Amino acid sequence: MTRLPLFALILAGSTVAMPAAAQQSVDAEKINQVIVYGDDKCEQSSPDEIVVCNRLPETERYRVPEMLRGNPLDVRNEAWANKVVALERVGRFGTDSCSPTGLGGFTGCTQALVAGAKAERQAANKTDWQAMIADERAKRIAGIDAASDEVEAAVVAEERALAERQKAAEELERQASGQAPAPTAPDEADAAPLPTPPKN
């Protein structure tokens, strides 16, 4: 019988448990990002899904997306941030420089490509989905708060009406039995003035 080391058992247990935890966090809140054109109707958010709509003019409905129009290799389309980064790399050489000079100069090209692609994607997509999702989430929370305030006010009113009905029923019962009415609230019982102490 072969024995596995302790760290291997812990690692196996964590990999089994990880997809379930990840699935729970994904199922907790679903976000649907939709692009609508002109006067198209935006779907309403449901209790288990947040719907965020980015409205574009009707003229954009059947057009090629803006980020794909024109020549992507045109120098005029390059962001100034990329030009500055290119100027900063002029004197760089050696490890992680992605240059033909210096020891290890061939390394770092993958990181440069990834960083360039990320900057290009961020510059092309002008829709701030995160801000729109945060606004929709704030609206939902405000609606939940307003609904809970209404429910709480209704419960307080119902409790007050129930207390009044109980008080009226006790009053009728006392009148029927001929007893003197007793104070119902502790404030009424304590309302009588205290006796004054004798003077020496």
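All of the points below concern the structure found in this document. (Residues numbered from 1 in each chain as written. Predicted model: local features only at pLDDT ≥ 70, side-chain atom pairs only at ≥ 80, totals over all residues. Heavy atoms only, no water.)

Attention now moves to the overall build of the protein. Looking only at helices and strands, the protein has five helices and two strands in total. Within the protein, the fraction of its 200 residues that count as buried is 9%. For the protein, the share of sequence-separated contacts (at least 6 apart) that also reach a separation of at least 24 residues comes to 27%. If you sum the accessible surface of the protein, you get close to 16900 Å²; carbon and sulfur atoms cover 60% of it. (Helix = DSSP H or I, 4+ residues; strand = E, 2+ residues; numbered from the N terminus. Buried < 20%, exposed > 50% of the residue type's maximum accessible area, 1.4 Å probe, protein only. Contact = heavy atoms within 4.5 Å. Areas by Shrake-Rupley, 256 points an atom, 1.4 Å probe, with all protein chains shown as cover.)

The grouping of V64, M67 and L68 at the surface amounts to a nonpolar patch, some 320 Å² of accessible area in total. With respect to the secondary-structure elements, L68 resides in the loop between β2 (49–56) and α2 (80–88). Under the relative-accessibility criterion, L68 is labelled exposed at 56%. (Patch = residues over 30% accessible without salt bridge, like charges linked within 9 Å, V, L, I, M, F, W, Y side chains within 5 Å. Salt bridge = Lys/Arg side-chain N within 4 Å of Asp/Glu carboxyl O.)

This part takes up the state of the cysteines. Taken as a whole, this structure holds two disulfides when the rule is applied. Linked covalently through their sulfurs, C42 and C53 form a disulfide whose S-S length is 1.8 Å. One disulfide, between C42 and C53, carries an S-S torsion of 85° and so falls in the right-handed class. Of this pair, C42 sits in the loop between β1 (30–37) and β2 while C53 sits in strand β2, and the two are eleven residues apart along the sequence. Across a sulfur-sulfur distance of 2.0 Å, C98 and C109 are joined as a disulfide pair. Judged by the torsion about the S-S bond (100°), the C98/C109 disulfide is right-handed. Taken together, the positions of C98 in the loop between α2 and α3 (109–124) and C109 in helix α3 put the pair eleven residues apart, joining distant regions of the chain. (Disulfide = S-S within 2.5 Å.)

A full pass over the atoms with the stated rule returns five salt bridges. For the salt bridge of R165 with E158, the shortest nitrogen-to-oxygen distance reads 3.8 Å. Its relative accessible area of 47% is what places E158 among the partly exposed residues. The structure contains a network of salt bridges with shared partners spanning D40, E58 and R61.

Here we come to the side chain of N54. Inspection of the secondary structure assignment puts N54 in strand β2. Taking relative accessible area as the criterion, N54 reaches 13% and is therefore assigned buried. Contacts of N54, omitting those with residues within four sequence positions, involve V34, I35, V36, T127, W129 and M132.

With respect to the element layout, D128 can be found in the loop between α3 and α4 (129–177). C-alpha of D128 to C-alpha of N54: the two residues are 74 residues apart in sequence and 9.2 Å apart in space.

This part covers a negative patch on the surface. Negative charge collects at one region of the surface, where D145, D149, E150 and E152 lie side by side. Note on placement: D149 falls in helix α4. (Lys, Arg positive; Asp, Glu negative; His and termini not counted. Charge placed at Lys NZ, Arg CZ, Asp CG, Glu CD.)

Across its 49 residues, α4 extends 72 Å between first and last C-alpha, which sits within 8% of the 72 Å expected from 1.5 Å per residue. Residues of α4 that are buried include every one of W129, I133 and R174, and no others. The secondary structure elements touched by the buried residues of α4 are β1 and β2. Within two residues after α4, G178 carries a phi angle of roughly 85°, on the positive side. (Expected span 1.5 Å × (residues − 1).)

In short, shape yes, function no, at least from these values alone.
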